[in-house]
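The lines below spell out each chain.
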Amino acid sequence: IYVINSGNISEYGEKLKNDPDIIFIERENKGWDTTAWKETIFKYYQQLSNFDLIILSNNSCRYDFDLFKLCQQAAFYDMFGLVRSREITEHLQTYFIIIHNHLFKTKDFQNYWKNIPEIRNRNDAIKYHELAFMKYFNDLGYKIGNYDNSGINVYGIQELDSDRNYYPEFVKKKILRDRKSVV
């Protein structure tokens, strides 16, 4: 497991730093997730090439799903995300993406990351990565899939009822912070 930390380290993060099975990467908080992933992919390319799956994820969501089952569903695709958004243009939300090894090792994958310009702000991250990632590989003929999340709205709050009987399998943490009454 490779963990990239671009900010303050929590108590849990300190434990991860000392875990011999985890590569803990500390970096300046610059360039958003896109730059963190890009730097890590190039620096650790040989090691990452040995894994069957590469999961690019950040901590902006609260996840409560069976990762093994999700990876089984993802097995039919070259790239697999949790949410396919149609806002602005069709794309996978980039806070959780599974990349298969056979895609990771292609020149197409390397070229994609090489050609991402410097990310200076959130809008750059959205324009040059989030909106472009799926389209680039889809246009090249790769199979793109997403989790069957019908009825789940990661940005909405209607799933979090007042009796706390139902929580979605994943939800943006910002929503939970903004709605402290349901947490």
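Scoring rules and cut-offs
Residues numbered from 1 in each chain as written. Predicted model: local features only at pLDDT ≥ 70, side-chain atom pairs only at ≥ 80, totals over all residues. Heavy atoms only, no water. Helix = DSSP H or I, 4+ residues; strand = E, 2+ residues; numbered from the N terminus. Contact = heavy atoms within 4.5 Å. Areas by Shrake-Rupley, 256 points an atom, 1.4 Å probe, with all protein chains shown as cover. Pairing = 2+ DSSP bridges. Axes fitted to C-alpha atoms, helices over the stretch in contact; angles between N-to-C directions. Core = buried A, V, L, I, M, F, W, Y, C linked by side-chain atoms within 4.5 Å. Buried < 20%, exposed > 50% of the residue type's maximum accessible area, 1.4 Å probe, protein only.

Asker: Looking at this model, I keep getting lost on the overall build of the protein chain. Mind explaining?
Answerer: Broken down by element type, the protein chain carries eight helices and ten strands. Long-range contacts, defined as pairs at least 24 residues apart, comprise 57% of the intrachain contacts of the protein chain with a sequence gap of at least 6. Accessible surface, the protein chain as shown: approximately 11,000 Å² in total, 48% of it carbon and sulfur.

Asker: Honestly, the sheet that holds strand 8 (residues 96-100) in this entry has me stumped. Any pointers?
Answerer: What holds strands together in a sheet is hydrogen bonding between their backbones, with the strands either parallel or antiparallel. In spatial order, the strands read 3-8-5-9; together these four strands make up an open sheet with mixed pairing. Since the sheet does not close on itself, it has two edges, and those belong to strand 3 (53-57) and strand 9 (144-146), each with one partner. Between one strand axis and the next, the sheet turns by 20° as a mean value, whatever way the strands run. Relative to strand 8, strand 5 (residues 79-81) runs antiparallel, the two being bridged by three bridges. Bridge assignment links Phe80 to a residue of strand 8, and that residue is Ile98. Against the sheet, helix 4 (residues 67-74) makes contact with strand 3, strand 5, strand 8 and strand 9, and its axis sits at roughly 55° relative to strand 8, the strand it touches most.

Asker: Explain the environment of Asp108 here, please?
Answerer: Note that Asp108 resides in helix 6 (residues 107-114). Counting along the chain gives 32 residues from Asp108 to Leu140, while the straight-line C-alpha distance between them is 8.4 Å. Setting aside anything within four residues of it in sequence, one finds Asp108 in contact with Tyr136, Phe137, Leu140 and Tyr142.

Asker: Mind showing me how you'd approach the nonpolar core here?
Answerer: Note on soluble globular proteins: their nonpolar side chains tend to be buried together. Counting residues in hydrophobic clusters, the biggest one holds 25 residues, and the most contacted among them are Met79, Ile99, Phe104, Phe109, Trp113, Phe133 and Phe137. At the level of elements, helix 2 (32-43), helix 3 (45-48), strand 3, strand 8, helix 5 (101-104), helix 6 and helix 7 (122-139) are the ones that each hand at least two residues to this core. Here this core takes four residues from helix 7, the largest share from any one element. Excluding residues within four positions of it along the chain, Phe109 makes contact with Ile41, Ile99, Leu103, Phe104, Phe133 and Phe137. Grouped together as the second largest cluster of nonpolar side chains are twelve residues, Leu70, Cys71, Leu82 and Tyr147 included.

Asker: What am I meant to see in the pairing of strand 8 here?
Answerer: On a regular strand, one side chain projects to one face of the sheet and the next to the other, so that they alternate. Among the five residues of strand 8, five are classified as buried, and the element is accordingly described as predominantly covered. Because side chains alternate across strand 8, one face comprises the buried residues Phe96, Ile98 and His100, and the other comprises Ile97 and Ile99, equally buried. Pairing geometry for strand 3 and strand 8, over five bridges, is antiparallel. When the sheet's bridge partners are listed, Leu56 is paired in strand 8 with Ile97.

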